[in-house]
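Structural description and commentary
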Amino acid sequence: MLKQLQAELAQRAKSGLMRQRRVLSGAQQPEIDLDGQALLAFASNDYLGLAHHPQLIQATQQALGQVGVGAGASHLINGHHALHEQAEKTLAAFVGYPNGLLFSTGYMANLGIVSALLGREDALFADKLNHACLNDAAILSRASFQRYAHQDLAALERLLANSHARRKLVAVDAVFSMDGDIADVPRLLALCEQYDAYLLLDDAHGFGVLGQQGRGILSHFSVSSERIIYMATLGKAAGVAGAFVAATPVIMEYLMQFARTYVYTTATPPALAAALIQSVAVMQQEPQRQQHLIDLIAYLKQHCVLQHWHLMPSDTAIQPLWVGDAEMAVRLSLKLMQAGIYVPAIRPPTVPQNSARLRISLSAAHTQAQVQQLIAALHQAESELA
Ligand SMILES: *Cc1c(COP(=O)(O)O)cnc(C)c1O
């Protein structure tokens, strides 16, 4: 086995696809210390700058003093703390539901939802650009896994029309994580109604960013339906960790009973639930954060016009700069790094072949001057590389 693993690692290194970790010191914010180098970063998913917000820190510290660190048990034994209960209610109310269910990560939430709701006789219909964990969830569930080309709803309709599955679930990223474009939820919902399917919306990159006060994709489109299973992750715009699910009461009860990644795992530290309650409070108290982010997105789109590389169509905090060639994307990222700016290159297999890009992610914590600095550095890099 070791020989085989070594050969695979060598192959990966030869293709220039070896990944490396860089060590972050200090807080997650635009100006970071990465491997000892001071960098201006456009890389995190901390879209509202809440990861180091004083109100979240203070609530966490206070809760730690009162309830300690570890939850000590799973939710269904005696790890379900009053703070978890309050966070679930607060998060759910914010997106328009009476109750929510907290999972320890978004990855676990998707695995739990799909494998609880679907089995061998069922089918999952999935956009080809969905996040990896939705694909893993499909495999774990043993349901028939039917993928359609990105945002091709005519293709989805053909699959739905031809399906004889007992239960049908359509799953999409509400905002696609490597492209930044938004799923057409109203049309997806109409198809689900027509073909008696349900709709799992993974709002990892929409929650906190889209909709009124950051209420996410449902608010963005003003939709609600018994057919929707809403999932949002809490380690991105919410600035903390974990995920929550909201859906019609029968589905909520079913997930609490049968989602194995909910049942068979230790509850997250209750102090993090205290932080989450403050995330929702800050989103409502400081709407200027969301507005500033929207302004920065518009500013970047207007001013970042290069000759060889272009921003992909996106109105969200994820603003990928299309490069195409993987090696060039890496060279561009390194060139920016030398100029003190960190934007990660995203290459296959994370994205399709020949679609390598720089994944610029904006945050309300950035200033307009910092975005200007990025644009200037990109122009400079282009004149040297392309
Ligand atoms: C980040 C992400 C997840 C996973 O969430 P974690 O809480 O980081 O495990 C799931 N879906 C999408 C679309 C994501 O971008």
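To keep things clear, this report deals only with the structure shown in the data block. Bear in mind that the values here come from a model prediction, so they are computed numbers and not experimental data.

The next subject is a nonpolar patch on the surface. Taken together, M1, L2 and L5 make up a surface patch of nonpolar side chains, about 370 Å² in accessible area. Look at L2 and you get exposed, because its relative accessible area is 66%.

Here we take up the sheet that holds strand 2 (residues 31-34). Strand order in the open sheet formed by 4 strands is 1-2-3-13, and the pairing between neighbours is mixed. Each having just a single partner strand, strand 1 (24-25) and strand 13 (341-342) make up the two edges of the open sheet. In the sheet, strand 1 pairs with strand 2 via 2 bridges, with the strands oriented antiparallel. Paired with S25 across the two strands is D33, which belongs to strand 2.

All right, on to the packing of helix 4 (residues 82-95) against helix 12 (residues 270-285) then. The relative placement of two packed helices comes down to the angle between their axes together with the axis-to-axis distance. Closest axis-to-axis distance for the helix 4/helix 12 pair is 8 Å, and the angle between their directions is 25°. Taken together, the axes of helix 4 and helix 12 are roughly parallel relative to one another. Where helix 4 crosses over helix 12, the handedness of that crossing is left-handed. Contacts between helix 4 and helix 12 involve L83, H84, Q86, A87, T90, L91 and F94 from the first element and P270, A273, A274, L276, I277, V280, M283 and Q284 from the second. In terms of residue class, the contact of helix 4 with helix 12 is made up of 11 nonpolar, 4 polar and no charged.

Going through the model one piece at a time under the given rule, you end up with 9 salt bridges. R166 is the partner of D122 in a salt bridge, and the nearest nitrogen-oxygen pair spans 2.9 Å. Separated by 44 residues along the polypeptide, D122 in the loop between helix 5 (106-117) and strand 5 (123-127) and R166 in the loop between helix 7 (153-162) and strand 7 (168-173) bring together distant segments of the chain. Residue D122 is classed as buried on the basis of its relative accessible area of 1%.

Right, let's talk about the packing of helix 14 (residues 326-338) against helix 15 (residues 368-385) for a bit. At their nearest, the axes of helix 14 and helix 15 sit 10 Å apart, and the two run at 125° to each other. On the basis of their axis angle, the class for helix 14 and helix 15 is oblique. Relative to helix 15, the crossing made by helix 14 is right-handed. On the side of helix 14, the interface is formed by M328, R331, L332, K335 and L336, while helix 15 contributes A377, L378, A381, E384 and L385. Residues belonging to the contact of helix 14 with helix 15 are distributed by class as follows: 7 nonpolar, no polar and 3 charged.

The next point concerns the pairing of strand 7. Here strand 7 lies mainly inside the structure; 6 of its 6 residues are buried. Side-chain alternation along strand 7 places K168, V170 and V172 on one buried face and L169, A171 and D173 on a second face that is also buried. Sheet analysis places strand 5 next to strand 7, joined by 4 bridges and oriented parallel. In the sheet register, L124 faces strand 7, and the bridge partner there is L169. As paired strands, strand 7 and strand 8 (residues 198-202) are joined by 5 bridges and run parallel to one another. For V172, the partnering residue across the bridge sits in strand 8 and is L201. Crossover connection from strand 7 via helix 8 (residues 185-194) to parallel strand 8: handedness right-handed.

For the ligand, the set of nearby residues contains 13 residues, the closest of which are G106, Y107, D202, H205 and K236. Interatomic distance of 2.6 Å between a side-chain N/O atom of K236 and an oxygen atom of the ligand. For the ligand, the protein covers 83% of the area, taking 380 Å² as the surface of the free molecule. Across the shell around the ligand, the residue classes tally to 3 nonpolar, 7 polar and 3 charged.

Rules behind the numbers
Residues numbered from 1 in each chain as written. Predicted model: local features only at pLDDT ≥ 70, side-chain atom pairs only at ≥ 80, totals over all residues. Heavy atoms only, no water. Patch = residues over 30% accessible without salt bridge, like charges linked within 9 Å, V, L, I, M, F, W, Y side chains within 5 Å. Areas by Shrake-Rupley, 256 points an atom, 1.4 Å probe, with all protein chains shown as cover. Salt bridge = Lys/Arg side-chain N within 4 Å of Asp/Glu carboxyl O. Buried < 20%, exposed > 50% of the residue type's maximum accessible area, 1.4 Å probe, protein only. Pairing = 2+ DSSP bridges. Helix = DSSP H or I, 4+ residues; strand = E, 2+ residues; numbered from the N terminus. Axes fitted to C-alpha atoms, helices over the stretch in contact; angles between N-to-C directions. Parallel < 35°, antiparallel > 145°, perpendicular 65-115°, else oblique. Left-handed = near helix turned anticlockwise from the far one by under 90°. Contact = heavy atoms within 4.5 Å. Nonpolar A, V, L, I, M, F, W, Y, C, P; charged D, E, K, R; others polar. Right-handed = clockwise from strand over helix to strand, strands pointing away. Near = heavy atom within 4 Å. Polar contact = N/O pair within 3.5 Å; in protein donor to acceptor, adjacent residues only side chain to side chain.

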